[in-house]
Amino acid sequence: MKRLVTSEQVQELFKVQLENWQLARENYLALGRIKTKRFQYDDFEIHLQFNPARLVSSAAKTDNKSLKERKCFLCPANLPEEQRGLPFGDDYQVLVNPFPIFPEHFTIPLLKHLPQSLSTRFEDMLDMATALDKYVIFYNGPRCGASAPDHAHFQAGNKGFLPIEKEWKSIDKELLWERTGLKLYTLKNYLRSVLIIESEHKTDAAELFKSVYEMLEVKAGEEEPMFNVLTWREEDKWIVCLFLREKHRPACYSIEGDGNLLLSPGAVDMGGVLIIPLEKDFAAGSVLFFLNWWILALPLPIEAVMGLYVLSIGTGYVCLLMGGLWMSRLLKHNLMEDVFNNENESF
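Worth saying up front: this structure is predicted, and the values here are computed from it rather than measured. (Residues numbered from 1 in each chain as written. Predicted model: local features only at pLDDT ≥ 70, side-chain atom pairs only at ≥ 80, totals over all residues. Heavy atoms only, no water.)

## Concerning the overall build of the protein chain
Then, number 1: Counting its secondary structure elements, the protein chain contains eleven helices and 13 strands.
Then, number 2: Taken across its 347 residues, the protein chain has 48% of its residues classed as buried.
Then, number 3: For the protein chain, long-range pairs separated by at least 24 residues make up 62% of all intrachain contacts whose partners lie at least 6 apart in sequence.
Then, number 4: Surface summary for the protein chain: the accessible area is close to 18,500 Å², and the carbon and sulfur share equals 55%. (Helix = DSSP H or I, 4+ residues; strand = E, 2+ residues; numbered from the N terminus. Buried < 20%, exposed > 50% of the residue type's maximum accessible area, 1.4 Å probe, protein only. Contact = heavy atoms within 4.5 Å. Areas by Shrake-Rupley, 256 points an atom, 1.4 Å probe, with all protein chains shown as cover.)

## With respect to the nonpolar core
Then, number 1: In terms of nonpolar packing, the biggest core is built from 45 residues, with L118 and F154 touching the most fellow members.
Then, number 2: Those residues in contact with F154 that sit more than four places away from it in its chain are Y92, F106, T107, I108, L118, R121, M125, M128, I137, F138 and Y139.
Then, number 3: Judged by nonpolar contacts, the second largest core, of 28 residues, contains I101, F102, I196 and M270. (Core = buried A, V, L, I, M, F, W, Y, C linked by side-chain atoms within 4.5 Å.)

## Considerations on the sheet that holds strand β13 (residues 273–276)
Then, number 1: Strand order in the open sheet made by the three strands is β1-β2-β13, with mixed pairing throughout. Pairing within the sheet leaves two strands with one partner each, and these edge strands are β1 (35–40) and β13. Neighbour-to-neighbour, the strand axes of this sheet turn through a mean angle of 20°, independent of strand direction.
Then, number 2: Bridging between β1 and strand β2 (residues 45–50) involves six bridges; their strand directions are antiparallel. If you follow F39 over to β2, its bridge partner there is I46. (Pairing = 2+ DSSP bridges. Axes fitted to C-alpha atoms, helices over the stretch in contact; angles between N-to-C directions.)

## Examining the packing of helix α1 (residues 7–20) against helix α2 (residues 22–31)
Then, number 1: Where α1 meets α2, the closest approach of the two axes is 6 Å, and the angle between their N-to-C directions is 105°. The orientation of α1 with respect to α2, classified from their angle, is roughly perpendicular. Across the interface between the two elements, F14, L18, E19 and N20 of α1 pack against Q22, A24, R25 and Y28 of α2.
Then, number 2: Tallied by class, residues from the contact of α1 with α2 come to four nonpolar, two polar and two charged. (Parallel < 35°, antiparallel > 145°, perpendicular 65-115°, else oblique. Nonpolar A, V, L, I, M, F, W, Y, C, P; charged D, E, K, R; others polar.)

## A look at the sheet that holds strand β10 (residues 194–199)
Then, number 1: A sheet is described by the order of its strands in space; here ten strands give the open sequence β3-β4-β5-β7-β6-β11-β12-β10-β9-β8, paired in antiparallel fashion. With partners counted over all chains shown, the strands left at the sheet margins are β3 (85–88) and β8 (173–179), one partner each. Averaged over all neighbouring strand pairs, the angle between strand axes comes to 20°, with direction disregarded.
Then, number 2: Two elements, β8 and strand β9 (residues 182–187), share six bridges in a ladder whose sense is antiparallel. Opposite E174, over in β9, you have T186 as the bridge partner.
Then, number 3: The strands that α1 touches are β3, β4 (92–96), β5 (105–109) and β6 (135–140); relative to β4, the one it contacts most, it runs at about 45°.
Then, number 4: Where helix α5 (residues 122–131) meets the sheet, it contacts β3, β4, β5, β6, β7 (153–158), β11 (227–234) and β12 (237–244), and its direction lies at approximately 40° from that of β11.

Okay, structure coming up:
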């Protein structure tokens, strides 16, 4: 029988680790100071989180050469001295993630060093969602946001953090297939290609996932289809969100110059929270003005597409102008003339 830990046990691990691990404590305290923005669409929201600590993940080199040249940071022998884990079953352990996105963020790596893959581990993911019932469990494919594609792992974060947790129930969706206790949906006009599995039984969810998995394209040089997965327990059911991917990283990631945007999407981004590690990319004007290419691909009437595109361009341009105005005021204002700066201090 598997030795599964509970939400309460991992919360106790979290508490102890923050008391004894300075790096984790400082990074979780920093979460309280991060900047966020929200963009409201008709039926859903997109959140931006300016999170400098995630630069280590967003900028991670995941090519084979780089992976071979570094020690695997998920292998038990290479964990930081302060890091402690809880066994989950016979094959995994739960670790506090020291570079958090969620208020409580965990990594759940396989104890053995095996490549990131979901085909034979999906039921493990469902078990984690059951045992850790206060958390969403998520999976990043080896070319879809995983910063350690050479070591199989899942992650967990607090429920209620990702917009899709509520939106999947209210947004317009199409029922693709159903039988008693099992449904497969797709969300309409959601800016992301996503399939939703709603299942009362673990074996049914696993069988349906396997059927969908086998229909997906495996690109040349890849080991599995490109996707991100979120799952959680809700009203005695498993909810599984399968985000289908076309690319590892968007074109703006590798562009040089002003068009560059360091955005490396994973399951959290697909769930509605975009992680922006560089402050220059967090500016609303930059996001609206430069990161609106996807609007042209929306499956909407041409009039609606052009209207949204023009609106984003116009709003972004105004925001850039306002940002420049405020910056010019800061540059022109001499703080040393302030009567409160006699000691050469700034406030």
